Amino acid sequence: MSEKAVKGTRAKGERTRNTILETAVHISSAEGLEGLTIGRLASELAMSKSGLFAHFGSKEELQIATVEAARSIFIREVIRPAFEAESGVLRLWKLCDTWLRYVQSGVFRGGCFFAAAASEFDSRPGPVRDRIAAIMKEWLATLGDAVKQAQFAGQLEKDLDPTQLAFEFNSLELGANWAFQLYGDKQAFERARQAILERLRRHATKSGAILLQPAKVKRSGARARAR
């Protein structure tokens, strides 16, 4: 087989794998990672089980690959758009607002993938739980670093605890996801936004408060929706 043919075969295999994982992410966000099986995927994708086994040798390998695929989607939908904002209080706000919009817009079939996966695996030791926990820590660290950057820019009070604020914002976001998934409460997202903004404005310096004026915050949200 020529080198060109080999590259073509590899590219086709990678495209197939990506298609499988995209479907796996949506299934597991709604039905759980434990409900994700080779048979379930084969039925959803109209593929043979043997074809799927060629990409994933075990259920655990499939679960971990699905978690990694969900992480890539999260980075694309939340992290990258938020980091287009200037470092400081507006980037912190945009991280929170974009997270809420990504759940609200149905990027994942069953709401926040990681909220569902963390709840499912929080008491199940093993590689899948460890990877989910590491990714959740990445998100909390990203929020905490954004708080520190806003403090360094003189936009948030210096004595504010970044870890505490990151914990609170994450809790509000997960609470909104829970209310929406369990009760269909669409207003939960707006309540979370208002609570996050209230906390930011309470601890903002004069320069930070100017950036958090309603018009500026609204424009930031409009740019996120346009994506």
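The structure we're discussing is the one just above.
Procedures and definitions
Residues numbered from 1 in each chain as written. Predicted model: local features only at pLDDT ≥ 70, side-chain atom pairs only at ≥ 80, totals over all residues. Heavy atoms only, no water. Helix = DSSP H or I, 4+ residues; strand = E, 2+ residues; numbered from the N terminus. Buried < 20%, exposed > 50% of the residue type's maximum accessible area, 1.4 Å probe, protein only. Contact = heavy atoms within 4.5 Å. Areas by Shrake-Rupley, 256 points an atom, 1.4 Å probe, with all protein chains shown as cover. Expected span 1.5 Å × (residues − 1). Axes fitted to C-alpha atoms, helices over the stretch in contact; angles between N-to-C directions. Parallel < 35°, antiparallel > 145°, perpendicular 65-115°, else oblique. Nonpolar A, V, L, I, M, F, W, Y, C, P; charged D, E, K, R; others polar. Phe/Tyr/Trp six-rings, centres within 6.5 Å; stacked < 30°, edge-to-face > 60°.

Q: Looking at this structure, I do not really get the overall build of the protein chain. What am I missing?
A: What the protein chain contains, in helices and strands, is 11 helices and 0 strands. Secondary structure elements of the protein chain occur, N-terminal to C-terminal, as α-α-α-α-α-α-α-α-α-α-α. Burial status across the protein chain gives 42% buried among its 227 residues. In the protein chain, 67% of the contacts between residues at least 6 apart in sequence involve partners at least 24 apart. As displayed, the protein chain has an accessible area near 11800 Å², and 54% of this comes from carbon and sulfur atoms.

Q: Mind showing me how you'd approach helix α5 (residues 89-104) here?
A: Taking 1.5 Å of rise per residue, the 16 residues of α5 would be expected to cover 22 Å, and the 23 Å separating its terminal C-alpha atoms lies within 8% of that figure. Within α5, 13 of the 16 residues are buried, which leaves the element mostly enclosed by the surrounding structure. The positive-phi residue at the C-terminal boundary of α5 is Gly106, with phi of around 75 degrees.

Q: Looking at this structure, I do not really get unusual backbone geometry. What am I missing?
A: Across residues other than glycine, the phi torsion is negative in most instances, and most of the peptide bonds are trans. A positive phi angle, close to 55 degrees, is found at Ala46, a residue other than glycine. For Ala46, the location among the structural elements is in the loop between α2 (38-45) and α3 (49-53).

Q: I would appreciate a short explanation of the packing of α5 against helix α7 (residues 127-152) in the present structure.
A: What describes two packed helices is the angle between their axes and the distance between those same axes. Running from N to C, α5 and α7 point in directions that differ by 150 degrees, and their axes come no closer than 7 Å. Accordingly, the angle class assigned to the pair α5 and α7 is roughly antiparallel. In contact with Val89, Arg91, Leu92, Leu95, Cys96 and Trp99 of α5, α7 contributes Trp139, Thr142, Leu143, Ala146, Val147, Gln149 and Ala150. Split by residue class, the contact of α5 with α7 holds 10 nonpolar, 2 polar and 1 charged.

Q: Please clarify how the packing of aromatic side chains should be interpreted in this entry.
A: Between two aromatic rings, the relevant description is the distance of the centres plus the angle of the planes. Under the counting rule described, the total for this entry stands at 9 aromatic pairs. Between Phe74 and Tyr102, the ring centres sit 5.4 Å apart and the planes meet at 80 degrees, which makes this aromatic pair edge-to-face. Remark: Tyr102 occurs in helix α5 and Phe74 occurs in helix α4 (residues 59-82); sequence separation between them is 28 residues. When its relative accessible area of 9% is taken as the criterion, Phe74 is described as buried.

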